[in-house]
Amino acid sequence: MLFILIFYFFNSGFTFANPTEEISWFRMDRINILVLLLVFSSAVLLYIRSAKKGKEHFIRKLSGLEAVEEGVGRATEMGRPVIFIPGIQELDDIQTIAGLSILSKVAKITAQYHTPLFVPVQYPLVLAAAQESIKGAYLDIGKGEDYSPEMVRYVAGEQFAFVAAVHGIMHRDKPATIVYMGAFFAESLLLAEEGQASGAIQIAGTANPDQLPFFITACDYTLMGEELFAASSYLSKEPLMLGSLKGQDWMKVFLVICILLGALFETFHLGGGFFYKLFIEH
Amino acid sequence: MKTLLPVVIAFLSGFIMILAFFSANPGIVNFSQNLLTWVTIVGGISLLLGIVSILKVNLKIISEKGKDWWLKLILVLFVFGMSISGLLWGIQEKTPFDWLFQNIQSPMMSTMFSILAFFIASAAYRAFRARTREATILLFTSVIVMLGRIPLGQYLWDKLPDYADWIMAYPNLAVQRGIIIGAALGAAAMSLRIILGIERAYMG
C-alpha cells in the first residue's frame, strides 16, 4: 500500500526543489494556523496519554445520548422500529463520520434488544460504510445472525426525493424512535416535523448552526455542534476517547482567554495587533 | 489486518492533506488534489451499489406482490427510464431526460420544499408558545425580528428595523459563533482521533 502511494506520489507531478528554482516548502502565511494546530494537538495528545495511564476524566452528562437507550427500549416495548439518519452528506464530511460512529453504538443497543433498525441514506458510499458499521456492532455483541444488509437502504440521491422517501417510511412504519446525527440542511425541519407527527421520540445532532433551531423545536433532545463529535466518545466510555474530549475542552479555555485578551488589546490598541494576526490567515 | 489497513490509509490520507495545507510545493498540492479527485471517482462508481440496493429491496416486494407493490414498480421503472433516456439521448436541453427532469422530477422536488412553509408554521406555533420564561423571551425577540424585516414593522415604528438588526448582529451572532467555534474544535479533535486510529467505530 505504502509503495503504491509513493509510486503515485511521484507520478502526480511531484518534484524536488530544483536549486535554480525557488520552491517554497512551507507557507509562511499559515504559520499561525500551524502553531494553533500544534497547541491543540498537544493538548489532545497529553490528555490521551494521561487517560492511558489510568487517570479518569469527568465528562458532563449529555441527556440526548442518555435518551438513546431509553428510545430503543421504548421501540422494543412498542414493537416498532428505530430509524437512524446519518445526515445527507457524503462520507468525506466529518459530520457523516461522526453520525456513523454513533450509529455503531445505537446498533449495539438495538441488537441487544432485538429491535428493528432502519437506516435510509442518500449516498452509496455512506450505504456501504453504514452496513459495515452495523454489521461490526452486531458481531461485537454476538448477534451476527440478526444482521441484515437491508437495514441500510439507499433511498434517493436527491435531497428532496430523499425527504419524500423518508416521509413515506415514517408514515407507514410509525417508528418509535428517530435519531438524526450528521449534516442536515433544508430538510431538517421537513424530516423532524414529520417524525414529530408520527409520534416518535426524536434525538437529533448536527454541527450546522442554521439547522439547530429547527431540531430544537421539533425534537425531544438535540446535540449542538461539538456534542455531535463528542457523542461517540461519550457512548464508548473508552478512556482514550474521553481523554481527547478533555484536551478539546482545554483548547476551548485557551481560545476564550485569547478572545478576551484580544478584545482588550485590540480595543486599546496594545500589543501591535498580535491577537489579530494570531487568528487571521495572512 | 482488517482494521489495520483502513487505519493506515486514514492516517496517510489525513497526513497528506495536512501537509498539502501547509506546503507550497506544487507536487504535494497536486497530489492532495488528485486524492480528492479519487474520492469523487470512487463515489461515482459506488452509485452502482445504490442502484443494487434500490432494486434488491423493491424487486422483492414487486415479485411477492407485497404492500404498495405498484408504487415500487413505478420507482423501478423511473430508475431505468431516467438512466436509459440519459444514456441514449444525452442530458442536454430538449432531450427525453431533460423533459422528465423538468416536468416530473423538478416539480416534485419543489413541492417537497414548499411543504416547508407549513412545517415552519406548525413548528413556530410550538416554539413560540409563552409557556416558560425562555419561550417568552424567544417569542418577544422573534416578533421584533420578524416585524423588523418587513415594511409594516417600519411603518409601525421606524426604530424597529434597527432593533431587529441589533438582535441579529449581536446576541444571535455571538451564540452562532460560540457554536461554530465549539463545532470546529470538535471536528478537529475527531479528525485527530481518526488520523491516529483511536476512533474506529465508523469502520464497523
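Residues numbered from 1 in each chain as written. Chains lettered and ligands numbered in written order. Predicted model: local features only at pLDDT ≥ 70, side-chain atom pairs only at ≥ 80, totals over all residues.

Here's the deal with the overall build of chain B
Here is the rule we go by: Secondary structure is summarised from DSSP: a helix means a run of H or I of at least four residues, a strand means a run of E of at least two, and numbering begins at the N terminus for each. Radius of gyration here uses only the C-alpha atoms, and the compact-globule reference equals 2.2 Å multiplied by the residue count raised to the power 0.38. Exposed residues have 12 or fewer other C-beta atoms within 10 Å of their own C-beta, buried residues have 20 or more, and partly exposed residues fall in between, where C-beta atoms are placed from the backbone. By the criterion used throughout, residues are in contact when their C-beta atoms, derived from the backbone, lie within 7 Å.
A tally of helices and strands in chain B yields 9 helices and 0 strands. Secondary structure elements of chain B, listed N to C terminal, follow the sequence α-α-α-α-α-α-α-α-α. For chain B, whose C-alpha radius of gyration is 26 Å, the value lies well above the compact-globule estimate of 17 Å for 204 residues. Buried positions account for 15% of the 204 residues belonging to chain B. When contacts within chain B are restricted to residue pairs at least 6 apart in sequence, long-range pairs at least 24 apart make up 21% of them.

Thoughts on the sheet that holds strand β5 (residues 201-206) of chain A
Residue and element names in this part refer to chain A. Defined as follows: Strand pairing requires that DSSP identify at least two bridges connecting the strands. Helix axes are fitted to C-alpha atoms over the stretch in contact, other axes to C-alpha atoms as well, and angles between N-to-C directions run from 0 to 180 degrees.
With parallel pairing, the 6 strands of this open sheet are ordered in space as β3-β2-β1-β4-β5-β6. Every other strand in the sheet has two partners, leaving β3 (152-154) and β6 (221-224) as the edge strands with one partner each. Between one strand and the next, the sheet's axes are offset by a mean angle of 15°, whatever the strand orientation. Direction of pairing for strand β1 (residues 82-85) relative to strand β2 (residues 117-121): parallel, over a ladder of 2 bridges.

Details of helix α9 (residues 226-236) of chain A
In terms of burial, α9 of chain A is a largely internal element, 10 of the 11 residues being buried. Immediately downstream of α9 of chain A, the backbone of Lys237 of chain A shows phi near 60°, a positive value.

Quick word on the pairing of strand β4 (residues 177-181) of chain A
Within a regular strand, the side chains alternate between the two sheet faces. Residues and elements named next belong to chain A. Worth spelling out the cut-off: For a crossover, the right-handed case is the one in which the path from the first strand over the helix to the second runs clockwise, viewed with the strands pointing away from the viewer.
A large share of β4 lies buried, amounting to 5 of its 5 residues. Residues of β4 alternate between two faces, with Thr177, Val179 and Met181 on one and Ile178 and Tyr180 on the opposite face, all of them buried. Here 4 bridges tie β1 to β4, and the two strands are oriented parallel to one another. The residue bridging Ile85 from the neighbouring strand is Tyr180, located in β4. Of the strand pairs in this sheet, β4 and β5 are connected by 5 bridges, and their pairing is parallel. Residue pairing in the sheet places Thr177 in a bridge with Ile201 of β5. For the crossover from β4 across helix α7 (residues 187-197) to β5, the handedness is right-handed.

What to know about helix α4 (residues 69-89) of chain B
The following threshold applies: In a helix, the anticipated span is given by 1.5 Å times the number of residues less one.
In a regular helix each residue adds 1.5 Å, so 21 residues correspond to 30 Å; α4 of chain B covers 30 Å between its end C-alpha atoms and thus fits that length. Just beyond α4 of chain B, the residue with positive phi is Gly90 of chain B, at close to 80°.

Quick look at the interface of chain B and chain A
Let me state the cut-off plainly: Gly is placed with the polar residues, together with every amino acid not listed as nonpolar (Ala, Val, Leu, Ile, Met, Phe, Trp, Tyr, Cys and Pro) or charged (Asp, Glu, Lys and Arg).
If you look at the interface, chain B gives 56 residues, while chain A gives 69 residues. If you list the elements that add at least two residues to the side of chain B that touches chain A, you get α1 (4-22), α2 (26-45), α3 (47-63), α5 (96-114), α6 (116-127) and α9 (160-195) of chain B. Among the elements that make up the side of chain B that touches chain A, the one with the highest residue count is α9 of chain B (16 residues). Looking at the side of chain B that touches chain A residue by residue, the classes come out as 38 nonpolar, 15 polar and 3 charged.

Section: the pairing of β2 of chain A
Residues and elements named next belong to chain A. Counting buried positions along β2 gives 4 out of 5 residues, so the element sits mostly inside the fold. Direction of pairing for β2 relative to β3: parallel, over a ladder of 3 bridges. Considered in β3, the bridge of Val121 is made with Tyr154. Read as a crossover between parallel neighbours, the route from β2 over helix α5 (residues 124-140) to β3 is right-handed.

Digging into the packing of α5 of chain A against α3 of chain B
Quick note on the threshold: Here is the rule for angles: anything less than 35 degrees is roughly parallel, anything more than 145 is roughly antiparallel, 65 through 115 is roughly perpendicular, and the remaining ranges are oblique.
Contact geometry for α5 of chain A and α3 of chain B: axes closest at 7 Å, N-to-C directions at 70°. Between α5 of chain A and α3 of chain B, the crossing angle belongs to the class labelled roughly perpendicular. In this structure, α5 of chain A uses Pro124, Leu127 and Ala128 of chain A to contact α3 of chain B, whose residues at the interface are Leu47, Leu49, Gly50 and Ser53 of chain B. The residue inventory of the contact of α5 of chain A with α3 of chain B, partitioned by class, reads 5 nonpolar, 2 polar and no charged.

Notes on the environment of Gly262 of chain A
Structurally, Gly262 of chain A can be placed in helix α10 (residues 239-267). Sequence spacing of Gly262 of chain A and Ala137 of chain A is 125 residues, and the spatial spacing of their C-alpha atoms is 46 Å.

Some points on the domain arrangement of chain B
Filter applied, for reference: Note that domain bounds follow an automatic or database assignment of domains.
Each assigned domain of chain B is listed with its residue range as follows: domain 1 (4-45), domain 2 (47-114) and domain 3 (116-193). Measuring from the centre of the C-alpha atoms in domain 1 of chain B to the corresponding centre in domain 2 of chain B gives 34 Å.

Quick word on unusual backbone geometry
With a phi angle near 45°, Lys174 of chain A is a residue other than glycine that sits in the positive phi range. Structurally, Lys174 of chain A is set in the loop between α6 (159-173) and β4. The exposure class assigned to Lys174 of chain A is partly exposed, which follows from the 13 C-beta atoms found within 10 Å. A positive phi angle is found at Lys94 of chain B, which is not glycine, with a value near 60°. Inspection of the secondary structure puts Lys94 of chain B in the loop between α4 and α5. Accessibility expressed as a C-beta count within 10 Å gives 8 for Lys94 of chain B, which makes it exposed.

A short note on the packing of α4 of chain B against α5 of chain B
Residues and elements named next belong to chain B. Here α4 crosses α5 at 140°, and the two axes come no closer than 7 Å. The angle between α4 and α5 falls in the class oblique. Every residue of α5 that contacts α4 at Gly81, Met82, Ser85, Gly86 and Trp89 is listed here: Pro96, Phe97 and Leu100. In terms of residue class, the contact of α4 with α5 is built from 5 nonpolar, 3 polar and no charged.

Remarks on the confidence of the model for chain A
The criterion, for reference: Residue-level confidence of the predictor, termed pLDDT, takes values from 0 up to 100.
Chain-level statistics for chain A give a pLDDT mean of 87 and a share of 91% at 70 or above. Counting contacts from residues 13-17 of chain A, a segment whose pLDDT is below 50, to residues more than four positions away or on other chains yields 9 contacts.

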